[in-house]
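A look at the structure
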Amino acid sequence: MIILIKFFLDMNNLVQNKKVVLYTFSILAATSAIISFYLNINLSSISPYLELNKYLLEFDIFAKAGGAASDLETHWIYIQILRENIGNLITYELGTDFKILSYPLHHIIISQLPFVGSDLKIYLLTFFMISLLLPILFYRCLIIKYPEVEKYKLLNLASIIYLLPAFQYSAIWGNPHISALFFLLFSIYFFLKLELSNFKKIKYLYLNIIFLALAAYTKQFYVFLFPFFFIIYLQKINFISLMKVSVFTILFSLPGVFFLTINPKLYMGFNTLNITSFPSSIIISISIIFIYLFPFILQGLINGTLNYKDLFNKINKSRFTNFFIMLLFFILSYFFYYEGMIGGGIIYKFSNIIFGNNYFLFLVSFFGVYFILFYTENKLSKHVLSILLIVTFSSGFFIFQKYFEPMFFILFLIFFDKKKIESSITKNNTCVTLYFLFYYIGINIIYSINGIF
């Protein structure tokens, strides 16, 4: 009896130990991705209405068709073509000969790795194992950014990436999205090292530019970060160094410009159909961003480090600014249109499926603007970053939540208002953890039931 009581007391102490709880979460988050890989299941192919992928069956891989699993066929065939002859990089036109609308750096690298690039199963296993290192690299960045926050809490935040659906299906099916994120994080890492040196160690600046360019050569939309970094460098480094970096960046971009001229659909898209408009895409993008901002607002309120007055009154003290935001959203909402239910993000689909209209979407996006402003520091570069994040995916084509995941999560924790974010993660970040845990479970349940998202 005494032994039993002692056992329960020890268990109680274990549960009360936040470190144990958060470390356990990190392990379980990574385990969930591993299980999904082993079972060949993920959010992009979990719908009960999907049949088995016939192409993957040829490799004895039993997985449902759809999403990233189906995209693998296109990517793998292109990798084999480049493996046979790297000159095919110029021979074939992307978007015409292959349904690939991104720069091919990922495919080039894999095609030149003899063992990995010649065996699909080896490729998937190798790529997945490397993908598990992505949150660890992010964790290293967080340590530099938040030296005052306990490391186990930062590890917990970094581990959330394991649960994000876009990470899981990209890692499982060898999607270039992961390669681009690695390059992005290395770029961020060297920027943080440059920042630590008070912008004196210029070698880190060049490494920042190089890896950001590699990210853009994998997924071209990452080019939107160049103006953001340029504004920072304009303020932090001398004129001569700025000119050198500018020339270096231009030279590094020339291969990309040439490749774009022979693959015009990389910026034109597959067709000219307008699924949405520029104003409407702004509402969609803000609603998607809201998903990742909300738990930090909620955590701040729970921690008592944030109150409603801080959130709404201190963002904009000017009544004119608030009136302008309301007027802008009234106009955007009045002219809103988004064709169909492909893409659009969770809030758009939830609003239309549950309520049969876009009113909930408009409400969420309206509050999303205030959340973005709340976490945007009063610096030109940070305002530019917020605007670029909102308008980058406004091409008139489908807007998918996967474009922002986990990209926005990473950029938010690294570049947005440090003090306000610290107020939500230093004291206690359990709410943030549980939010993304239920986010992961909830979306998977919805997909497994009817696949409506």
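Residues numbered from 1 in each chain as written. Predicted model: local features only at pLDDT ≥ 70, side-chain atom pairs only at ≥ 80, totals over all residues. Heavy atoms only, no water.

For the protein, the helix and strand inventory stands at 24 helices and 0 strands. Taking all 453 residues of the protein together, the buried fraction comes to 54%. In the protein, the proportion of contacts linking residues at least 24 apart, taken out of those at least 6 apart, comes to 76%. In the structure as shown, the protein presents an accessible area of about 21,700 Å², 68% of it carried by carbon and sulfur atoms. (Helix = DSSP H or I, 4+ residues; strand = E, 2+ residues; numbered from the N terminus. Buried < 20%, exposed > 50% of the residue type's maximum accessible area, 1.4 Å probe, protein only. Contact = heavy atoms within 4.5 Å. Areas by Shrake-Rupley, 256 points an atom, 1.4 Å probe, with all protein chains shown as cover.)

Another point: the nonpolar core. A general tendency of soluble globular proteins is for nonpolar side chains to be buried together. Within the largest apolar cluster, 153 residues are counted, with the highest numbers of intra-cluster contacts made by Tyr123, Phe138, Trp173, Leu225, Tyr233 and Met407. Contacts of Met407, omitting those with residues within four sequence positions, involve Leu181, Leu184, Phe221, Tyr222, Phe224, Leu389 and Phe393. (Core = buried A, V, L, I, M, F, W, Y, C linked by side-chain atoms within 4.5 Å.)

The element helix 10 (residues 165–172) is largely enclosed, with a buried count of 8 among its 8 residues. Here helix 10 has its buried residues at Pro165, Ala166, Phe167, Gln168, Tyr169, Ser170, Ala171 and Ile172. Looking at the residues trailing helix 10, positive phi occurs at Gly174, about 60 degrees.

With that out of the way, let us pick up the side chain of Asn303. Tracing the sequence through the fold places Asn303 in helix 16 (residues 278–303). For Asn303, the side chain forms a polar contact with the main-chain oxygen of Ser423, separated by 3.5 Å. Engagement of the side chain of Asn303 in a polar contact is seen with the backbone oxygen of Asn428, the distance being 3.0 Å. Residues contacting Asn303, with those up to four places away along its chain left out, are Ser423, Ser424, Lys427 and Asn428. (Polar contact = N/O pair within 3.5 Å; in protein donor to acceptor, adjacent residues only side chain to side chain.)

What follows covers the pattern of salt bridges. Two side chains carrying opposite charge are able to pair once their charged atoms lie near each other. In total, this model carries 1 salt bridge according to the counting rule given. A salt bridge links Glu150 to Lys153; the shortest N-O distance between them is 3.2 Å. (Salt bridge = Lys/Arg side-chain N within 4 Å of Asp/Glu carboxyl O.)

Another aspect to go through is the packing of helix 7 (residues 120–131) against helix 11 (residues 176–196). Where helix 7 meets helix 11, the closest approach of the two axes is 11 Å, and the angle between their N-to-C directions is 35 degrees. In the crossing of helix 7 with helix 11, the sense of the turn from one axis to the other is left-handed. Note on element contacts: helix 11 touches helix 7 through Ile178, Ser179 and Phe182, opposite Phe127, Ile130 and Ser131. (Axes fitted to C-alpha atoms, helices over the stretch in contact; angles between N-to-C directions. Left-handed = near helix turned anticlockwise from the far one by under 90°.)

The geometry of an aromatic ring pair is captured by the separation of the ring centres together with the interplanar angle, meaning the angle of the planes. A full pass over the atoms with the stated rule returns 49 aromatic pairs. Centroid distance Phe221 to Tyr403: 6.2 Å. Interplanar angle 50 degrees. Geometry classified as tilted. With a gap of 182 residues between them, Phe221 in the loop between helix 12 (202–216) and helix 13 (225–236) and Tyr403 in the loop between helix 21 (380–391) and helix 22 (407–415) connect regions that are remote in the sequence. When the ring of Phe408 is compared with that of Phe416, the centres are 5.9 Å apart and the planes differ by 65 degrees; the resulting orientation is edge-to-face. A relative accessible area of 2% places Phe408 in the buried class. A residue is classified by how much of its surface remains accessible, and Phe416, at 3% relative accessible area, is buried. Here Lys402 stacks its cationic end above the ring of Phe400, 5.2 Å away from the centre of that ring. (Phe/Tyr/Trp six-rings, centres within 6.5 Å; stacked < 30°, edge-to-face > 60°. Lys NZ or Arg CZ within 6 Å of the ring centre and 35° of its normal.)

On average, residues of the protein score 84 in pLDDT, and 88% of them are at 70 or above. Counting contacts from residues 1–16, a segment whose pLDDT is below 50, to residues more than four positions away or on other chains yields 2 contacts. (pLDDT = per-residue confidence, 0-100.)

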